[in-house]
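# Structural overview for review
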Amino acid sequence: MKGSVRLYKWEASSFVNGPGERFVIWFQGCPFSCPGCFNRDARTFDGGDLVPLQDLWEKILASGVRGVTLSGGEPFLQAKEAALLLRECGSRGIDRVVYTGFLYEELKRDIFPGTRELLRASDLLLEGRYRKEIPPDGEWTGSGNQRVLALSARGMEMKSSRRTEWVEREYIISEDGETVLTGI
Ligand code: SF4
């Protein structure tokens, strides 16, 4: 797979960023400034690492998980490359969740190169800016204004499993003892 993406980080196994166990990829760079943003370090455009798509794809396969989540930062700013990766995931039966600060209506205007392709390659879209004053009404979203939109039959199944009582955050301890806090 050709191309690279600028990433904040990734985790091979997470349980709070969509249904079930998932490989989670946080993109680097976000045009929004939501007060209370959980991933402030992922917002700058000059941070993170440039990662070849092929390397990322091999890490996903090696993890053995059956679900991938794109988060951020803002995945739609690198929509073309993200769509390539998710298409490959779909061809191997790996389900696909995408977080975005944009509204679905904004994305439908095809605002960035590859936007349409990324929407087509996604099963579940979790969209909208984070608003800390509106409590979430179910798992996977950070605030109650954010919508969970099924973009495929698989996405509809995933959405129907959404719970209203859930775990919001998790600590992941790596082999070298580093602790990472993730959540929405
Ligand atoms: S859209 Fe997400 S990453 Fe961007 S500022 Fe808002 S909460 Fe943070």
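Our subject is the structure listed above.
Report on the accompanying structure. Computed from a predicted model, the values in this text were never measured in an experiment.

A separate point is the sheet that holds strand S6 (residues 124-127). Here we have seven strands laid out as an open sheet, ordered S3-S1-S2-S4-S5-S6-S7, and mixed in their pairing. Each edge of the sheet is formed by a strand with only one pairing partner; in this case those strands are strand S3 (49-52) and strand S7 (147-150). For this sheet, the mean angle separating the axes of adjacent strands, direction not counted, is 30 degrees. Its contacts with the sheet place helix H2 (residues 79-91) against strand S1 (4-14), strand S2 (22-27), strand S4 (67-71) and strand S5 (95-100), and it is angled at close to 155 degrees to S5. Relative to the sheet, helix H5 (residues 153-160) contacts S2, S5, S6 and S7, its axis offset from that of S7 by approximately 140 degrees.

Time to look at the environment of Leu86. Within the secondary structure, Leu86 sits in helix H2. Residues Leu86 and Thr115, spaced 29 residues apart in sequence, show a C-alpha to C-alpha distance of 12 Å. Every residue in contact with Leu86, bar those within four places of it in the chain, is listed here: Val68, Leu70, Arg96, Val98, Leu118, Ala121 and Ser122.

Let's shift gears to the pattern of salt bridges. Where charged atoms of side chains with opposite charge meet at close range, the side chains can pair. The full count for this structure, using the stated rule, is eleven salt bridges. Measuring nitrogen to oxygen at the nearest pair gives 3.4 Å for the salt bridge that ties Asp110 to Arg116. With relative accessibility at 30%, the residue Asp110 sits in the partly exposed group. Accessibility expressed as a relative area gives 46% for Arg116, which makes it partly exposed. We note a salt bridge from Glu127 to Arg147, for which the minimum N-O separation is 2.6 Å. One end of the pair, Glu127, is in strand S6; the other, Arg147, is in strand S7, and 20 residues separate them in sequence. Glu127 sits in the buried class, given a relative accessible area of 0%. Its relative accessible area of 31% is what places Arg147 among the partly exposed residues. Members of the salt-bridge network, linked through shared partners, are Arg22, Asp95, Arg154 and Glu157.

Within helix H1 (residues 53-63) the residues assigned to the buried category are Leu53, Leu56, Trp57 and Ile60. The arc that holds the buried residues of H1, viewed along the axis, is 100 degrees, so those residues lie on one side. Buried residues in H1 make contact with S1, S2, S3, S4 and H2. Looking one or two residues beyond H1, the residue adopting positive phi is Gly64, at roughly 75 degrees.

Calculation notes
- Residues numbered from 1 in each chain as written.
- Predicted model: local features only at pLDDT ≥ 70, side-chain atom pairs only at ≥ 80, totals over all residues.
- Heavy atoms only, no water.
- Pairing = 2+ DSSP bridges.
- Helix = DSSP H or I, 4+ residues; strand = E, 2+ residues; numbered from the N terminus.
- Axes fitted to C-alpha atoms, helices over the stretch in contact; angles between N-to-C directions.
- Contact = heavy atoms within 4.5 Å.
- Salt bridge = Lys/Arg side-chain N within 4 Å of Asp/Glu carboxyl O.
- Buried < 20%, exposed > 50% of the residue type's maximum accessible area, 1.4 Å probe, protein only.
- Arc of directions from axis to C-beta.

None of the figures reported here should be taken as evidence of function without further support.
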